[in-house]
Amino acid sequence: MTSERSSKSNFVFQRQVAFIGIGLFIAKLLAWHLTNSDAVFSDAMESIVNIVAGFLGLYSLYVAAKPRDTGHPYGHGKAEFVTSGIEGGLIIFAGIIIIVQAVDSLLHGNVPKKLDWGILIVGVTAGINYLMGYISYKKGIRENSLVLQSSGKHLQSDTFTTLGVVLSLVLVYFTKIYWIDAVVALLFGGYIIFIGYQIIRKSLSGIMDEADVRLLTKLSKLLNENRQRDWVDIHNVRIQQHGSELHIDAHLTLPWYYDLRTAHNEMEEVYKLIGKNSERTIEFNFHLDDCKPFSCEICELWECKVRQHTFKKKIEWNDSTIAQLNKHDVNT
């Protein structure tokens with residue numbers, strides 16, 4: 001699937017999530033009206049966050065799908081990280097609302113009614129939420145969309161909160177101990193605050209271009225398994241994520257006596273190797289280095305007729321060595 005088709009598919013799916021969220025919110029309001037349950041009310045208020053987050057995700061996918069322009073040479077993919085961070089903040093806010101509501105219930109206590117209807121309606125919304133969250137998260141992983149991943153986690157975390165409400169309603173229904181639903185709400189409020197923190201942490205790492213060790217490890221393994229002897233060294237590798245796309249910078253050291261065409265062809269081979277082993281759209285920006293006398297100590301091109309030093313050791317490329325900045329590249 002091309003990047004453009006993928007972005008359109010993500011947008012359509014997120015739009016469905018947003019409108020389903022409105023329907024679930026209305027259902028929870030109905031359940032609250034029937035039961036007068038504080039736990040159901042807090043769950044309905046948390047659904048407002050789902051709706052806002054859903055439309056924020058929809059907007060971010062719309063922005064991220066825009067083509068590059070002169071003002072945004074790397075595209076608009078970073079919008080996903082921003083809105084994902086906002087969504088994480090909304091999840092934390094929802095957790096705080098639930099905790100506040102639960103504490104209020106413990107202090108004052110409200111006697112719920114028609115719990116059987118509440119259990120049925122809220123239980124159905126929990127099932128729909130989880131299904132949408134599961135689909136959204138899996139699609140986000142497949143399409144490398146942080147918005148769909150965070151949206152999926154949000155919906156799934158909301159499911160656990162809703163199940164906590166259902167559990168409390170069931171226990172209250174059979175035991176008539178009315179403080180149980182508030183205690184369960186407290187526990188799940190703390191849980192979704194933790195989920196929100198994780199989403200914010202991931203979005204901030206994307207905004208600040210934090211090194212992704214997983215991606216670097218995967219790339220170094222691929223290069224190691226397919227390295228050519230005249231690829232003397234690969235270093236200063238940096239990977240930026242722009243939505244579902246990647247931008248890779250690197251320095252490739254080749255024999256100094258290669259003509260421009262030969263050197264460029266070798267660089268193209270590296271591009272092809274990485275590209276055909278990735279499901280994501282990648283933009284490359286490689287810098288070609290000519291080998292220096294000290295490079296002989298790590299060069300495996302045995303037939304080289306201008307070697308000045310004997311070979312000492314092979315550099316194993318891993319997430320650390322390929323990301324390392326060569327001291328001779330500081331000003332390049």
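Everything numeric in this text was worked out from a predicted model, so none of it was measured.

Draft legend 1. Fine view of the packing of aromatic side chains. All told, the structure shown has 7 aromatic pairs when counted by the stated rule. Where Y173 meets F174, the ring centres are 5.2 Å apart and the plane angle is 90°; that geometry is what we call edge-to-face. For F174, a relative accessible area of 63% translates into the label exposed. Judged by centre distance (6.0 Å) and plane angle (80°), the ring pair of F284 and F286 falls under edge-to-face. What makes F286 buried here is its relative accessible area of 11%. Taken together, W256, Y257 and Y258 form an aromatic cluster joined through their ring pairs.

Draft legend 2. Up close: the pattern of salt bridges. Tallied over the entire structure, the rule returns 5 salt bridges. In this structure, the salt-bridge partner of K292 is D290, at a minimum N-O distance of 3.1 Å. A relative accessible area of 34% means that K292 is categorised as partly exposed. Its salt-bridge partner being K312, residue E297 comes within 3.8 Å of it at the nearest N-O pair. Taken together, the residues E297 in the segment after β3 (282-290) and K312 in the segment after β3 connect sequence positions 15 residues apart. The exposure class of E297 is partly exposed, given its relative accessible area of 27%. Classification of K312 by relative accessible area gives exposed; the value is 61%.

Draft legend 3. Quick look at the nonpolar core. Judged by nonpolar contacts, the single largest core of 24 residues is most densely connected at L223, V237, I239, L252, I274 and F286. Contributions of two or more residues to this core are made by α7 (213-226), β1 (233-242), β2 (245-254), α8 (260-276) and β3. In terms of residue count, the dominant contributor to this core is α8 (6 residues). Setting aside anything within four residues of it in sequence, one finds F286 in contact with I248, A250, L252, M267, V270, Y271 and I274. If you look at the next biggest cluster of nonpolar residues, it comprises 13 residues, including A31, A39, V122 and V184.

Draft legend 4. Molecular detail of α7. The end-to-end C-alpha distance of α7 is 20 Å, a good match for the 20 Å that 14 residues give at a rise of 1.5 Å each. Looking only at α7, the buried set comprises L215, L216, L219, S220, L222, L223 and N224.

Draft legend 5. Molecular detail of a nonpolar patch on the surface. Residues Y130, L131, Y134, I135, F160, L163 and Y191 make up a contiguous nonpolar surface patch of about 620 Å² in total accessible area. Within the residue set of the nonpolar patch, elements represented by two or more residues are α4 (115-143) and α5 (146-175). No other element matches the 4 residues that α4 contributes to the nonpolar patch. Judged by its relative accessible area of 41%, L163 falls in the partly exposed class.

Draft legend 6. Examining the side chain of S168 more closely. Tracing the backbone shows S168 in helix α5. The contacts of S168, once residues within four sequence positions are left out, are A39, I180, D181 and V184.

Draft legend 7. Quick peek at the packing of α7 against α8. Interaxial distance between α7 and α8 falls to 11 Å at its minimum, and their mutual angle equals 125°. On the basis of the axis angle, α7 is oblique to α8. α8 is crossed by α7, and the crossing has right-handed handedness. On α8, the residues touching L219, L222, L223 and N226 of α7 are V270, L273 and I274. Per-class residue counts for the contact of α7 with α8 are 6 nonpolar, 1 polar and no charged.

Draft legend 8. Quick look at the pairing of β2. β2 sits mainly inside the fold: 9 of its 10 residues count as buried. The pairing of β2 with β3 spans 9 bridges and is parallel. Bridging across to β3, H247 finds its partner in E283. Taking the sense of rotation as the criterion, the β-α-β connection linking β2, α8 and β3 turns out right-handed.

Draft legend 9. Geometry of unusual backbone geometry. In this structure, K114 is a non-glycine residue whose phi angle is positive, near 45°. Inspection of the secondary structure puts K114 in the loop between α3 (79-108) and α4. In this model, N236 sits at a positive phi of 50°, which is unusual for a non-glycine residue. Along the chain, N236 turns up in strand β1. On the accessibility criterion, N236 (8% relative accessible area) is buried.

Conventions used here
Residues numbered from 1 in each chain as written. Predicted model: local features only at pLDDT ≥ 70, side-chain atom pairs only at ≥ 80, totals over all residues. Heavy atoms only, no water. Phe/Tyr/Trp six-rings, centres within 6.5 Å; stacked < 30°, edge-to-face > 60°. Buried < 20%, exposed > 50% of the residue type's maximum accessible area, 1.4 Å probe, protein only. Salt bridge = Lys/Arg side-chain N within 4 Å of Asp/Glu carboxyl O. Helix = DSSP H or I, 4+ residues; strand = E, 2+ residues; numbered from the N terminus. Core = buried A, V, L, I, M, F, W, Y, C linked by side-chain atoms within 4.5 Å. Contact = heavy atoms within 4.5 Å. Expected span 1.5 Å × (residues − 1). Patch = residues over 30% accessible without salt bridge, like charges linked within 9 Å, V, L, I, M, F, W, Y side chains within 5 Å. Areas by Shrake-Rupley, 256 points an atom, 1.4 Å probe, with all protein chains shown as cover. Axes fitted to C-alpha atoms, helices over the stretch in contact; angles between N-to-C directions. Parallel < 35°, antiparallel > 145°, perpendicular 65-115°, else oblique. Left-handed = near helix turned anticlockwise from the far one by under 90°. Nonpolar A, V, L, I, M, F, W, Y, C, P; charged D, E, K, R; others polar. Pairing = 2+ DSSP bridges. Right-handed = clockwise from strand over helix to strand, strands pointing away.

Functional significance is not addressed by these values, which are geometric in nature.
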